[in-house]
Amino acid sequence: MKYKYRSGLADMPSYDVVERDWRIKINANECGMNPPPLVQERAMTRLDRVAFNRYPNEQADMLREAIADEYGLKKENVVLGNGSSEIIEKLFATFGGKGHKIVYPQPSFSMYKIYAKAAEAEGIPVDLEPDYTLDVDKFIAAVKESRASLAVICNPNNPTGSLFSLEDVEKVAKSINCPLLMDEAYMEFAEAAGYKNSAVPLMKKYPHIIVARTFSKAYGLASCRAGYMLAAEDIATMTGKTMMPYYMNVLTLTVADTVWQMRDEYRPRIEQMITERERMAMELEKLEGFTVYPSATNFLLVKYDRAVELNEYLTELSIGVRSFGAAPRLENTLRFSMGTPAENDQWLLAVQTFARGEV
Ligand SMILES: *Cc1c(COP(=O)(O)O)cnc(C)c1O
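Rules used throughout
- Residues numbered from 1 in each chain as written.
- Predicted model: local features only at pLDDT ≥ 70, side-chain atom pairs only at ≥ 80, totals over all residues.
- Heavy atoms only, no water.
- Helix = DSSP H or I, 4+ residues; strand = E, 2+ residues; numbered from the N terminus.
- Polar contact = N/O pair within 3.5 Å; in protein donor to acceptor, adjacent residues only side chain to side chain.
- Contact = heavy atoms within 4.5 Å.
- Near = heavy atom within 4 Å.
- Areas by Shrake-Rupley, 256 points an atom, 1.4 Å probe, with all protein chains shown as cover.
- Patch = residues over 30% accessible without salt bridge, like charges linked within 9 Å, V, L, I, M, F, W, Y side chains within 5 Å.
- Salt bridge = Lys/Arg side-chain N within 4 Å of Asp/Glu carboxyl O.
- Buried < 20%, exposed > 50% of the residue type's maximum accessible area, 1.4 Å probe, protein only.
- Disulfide = S-S within 2.5 Å.
- Arc of directions from axis to C-beta.
- Axes fitted to C-alpha atoms, helices over the stretch in contact; angles between N-to-C directions.
- Parallel < 35°, antiparallel > 145°, perpendicular 65-115°, else oblique.
- Left-handed = near helix turned anticlockwise from the far one by under 90°.
- Nonpolar A, V, L, I, M, F, W, Y, C, P; charged D, E, K, R; others polar.

**Student:** Provide a residue-level description of the side chain of Thr333, including the pertinent values.
**Tutor:** Inspection of the secondary structure assignment puts Thr333 in strand β13 (residues 333-337). A polar contact of 2.7 Å, which involves the side chain of Thr333, links it to the backbone oxygen of Leu330. Once residues within four sequence positions are removed from consideration, Thr333 is found in contact with Tyr132, Leu301, Val302, Lys303, Ala307, Ser323 and Phe324.

**Student:** Tell me about the site of the ligand, and please be specific about residues and values.
**Tutor:** The full set close to the ligand counts 14 residues, and Ser85, Tyr186, Thr214, Ser216 and Lys217 are the nearest of them. A distance of 2.6 Å separates an oxygen atom of the ligand from a polar side-chain atom of Tyr186. Between the ligand and Arg225, the relevant distance is 2.7 Å, taken from an oxygen atom to a side-chain nitrogen or oxygen of the residue. In isolation the ligand offers 380 Å² of accessible surface; the protein chains occlude 93% of this area. A total of 4 residues in the shell around the ligand trace back to one element, the largest contributor, which is helix α3 (residues 83-95).

**Student:** Run through a nonpolar patch on the surface, naming residues and quoting values.
**Tutor:** The grouping of Met1, Tyr3, Tyr5 and Leu9 at the surface amounts to a nonpolar patch, some 580 Å² of accessible area in total. Along the chain, Leu9 turns up in the segment before β1 (24-25). On the basis of relative accessibility, which here comes to 46%, the residue Leu9 falls in the partly exposed class.

**Student:** Could you give an account of the state of the cysteines, with specific residues and numbers?
**Tutor:** Following the criterion strictly, the structure yields 0 disulfides and no others. The thiol of Cys31 is unpaired, and the distance to the nearest cysteine sulfur, on Cys224, comes to 13 Å. Note on Cys31: relative accessible area 13%, which makes it buried. For Cys224, a relative accessible area of 17% translates into the label buried.

**Student:** Report on helix α5 (residues 136-145), specifying residues and quantitative values.
**Tutor:** Three or more residues of α5 are buried, namely Val136, Phe139, Ile140, Ala142 and Val143. For α5, the arc enclosing every buried residue in end-on projection is 160 degrees, short of the 170-degree limit, so these residues lie on one face. The outward face of α5, more than 90 degrees from its buried face, is lined by the exposed residues Lys144 and Glu145. In this structure, the buried side of α5 is in contact with β3 (101-106), β4 (122-127), β5 (150-154) and α6 (166-175). Between the side-chain oxygen of the N-cap and the backbone nitrogen of Asp137 there are 3.2 Å, and the N-cap of α5 in question is Asp135. The positive-phi residue at the C-terminal boundary of α5 is Arg147, with phi of around 50 degrees.

**Student:** Give me the environment of His100: which residues, what numbers.
**Tutor:** Considering the arrangement of structural elements, one finds His100 in the loop between α3 and β3. According to the relative accessible area criterion, His100 is partly exposed, its value standing at 36%. Counting along the chain gives 245 residues from His100 to Asp345, while the straight-line C-alpha distance between them is 47 Å. Contacts of His100, omitting those with residues within four sequence positions, involve Phe95, Ala121, Glu122 and Ser149.

**Student:** Which residues make up the packing of helix α2 (residues 57-71) against helix α9 (residues 250-261), and what values do they have?
**Tutor:** The N-to-C vectors of α2 and α9 enclose an angle of 30 degrees; their axes lie 9 Å apart at closest approach. Relative to α9, the element α2 lies roughly parallel. Of the two possible hands of crossing, α2 and α9 adopt the one that is left-handed. Counting all contacts with α2, which are made through Gln59, Ala60, Met62, Leu63, Ala66, Ile67, Glu70 and Tyr71, the residues of α9 involved are Val250, Leu253, Ala256, Asp257 and Trp260. Class assignment for the residues of the contact of α2 with α9 results in 10 nonpolar, 1 polar and 2 charged.

**Student:** Tell me about unusual backbone geometry, residues and numbers included.
**Tutor:** The omega torsion of the bond from Gln106 to Pro107 falls at 0 degrees, within 30 degrees of zero and hence cis. When you line up the elements, Pro107 lands in the loop between β3 and α4 (111-118). Cis geometry marks the peptide bond from Asn158 to Pro159; its omega dihedral reads 10 degrees. Located in the positive-phi region is Asn29, a residue other than glycine, with phi close to 60 degrees. Along the polypeptide, Asn29 turns up in the loop between β1 and α1 (37-48). Note on Asn29: relative accessible area 0%, which makes it buried. The phi torsion at Arg225 lies on the positive side, around 60 degrees, for a residue other than glycine. Along the chain, Arg225 falls in the loop between β7 (209-214) and β8 (227-230).

Shown next, in the form of structure tokens:
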């Protein structure tokens, strides 16, 4: 039988991460540790009291309010999502559609291209510079010339680790006349290191700035699928229309709310990941032929002529890192997420062994 699939679906790329039961899994920028025991205990206690028979309206509003409080906003400015992935996908749906253009830097989060396609919009990638910095004027020109309906900047940028300055972000916001989505999936790491680069404080002056954040990275909650966006009420309302009723489940809401209430508990581990990143960067830089890009996140992007062979060697050792194949501007690069210090010691040793030709 020939099924009538939606047109364009067959050509749609899939999220292409090769997963298996890695001994050391540092390929998805996850947190290397489960939540602190205190947080887990509290979450379990709360889950014990959940009304499983009821639709989870109250819990969603509670979390929206708690998040709004932190940023001096109202709950009407907060939209929750099953991961910030859902937020981004729905924003692309909100501003997409036939004839609409969505502009984003390249290389950046690989899903932007796919979400643009899914929204039947035209994705317009703007090349970052060779050192992965952003040419702001070039980006602004691309947004203006294409009369884009949405511009996206990932800050700090995945997979390059680059942190874009708030002045640059403001310049973009000031110069374009479409919403600017700031994907701040890794901003907690930059903030913990003292960088004040989040676009949230700019939202008052520039109500077309949207900020997306996630519980998956710094808060180590990738399994629960929880994220949120902050936006002016009109944008939040329109985006909300693309969501199903009660799309956030009570298990996610309860755990995410607990993590949010206890987010100070995460401070030491976020700081540890930063220390580890600096330690790994220093060690990798010592290796012949390695270029390590500056990172404000929990991962490092490395360029190395023999990246393909190194990846094969690490795979043999059951160490899963992220390689990007022939993705534009990412040839011969590998991305290493920070694991626990013990895991980092292990994969570093493997990389050193390979680089020194001792295999
Ligand atoms: C991980 C990531 C996300 C989304 O993660 P969720 O688990 O869906 O919250 C969004 N943007 C970037 C750049 C990411 O790296």
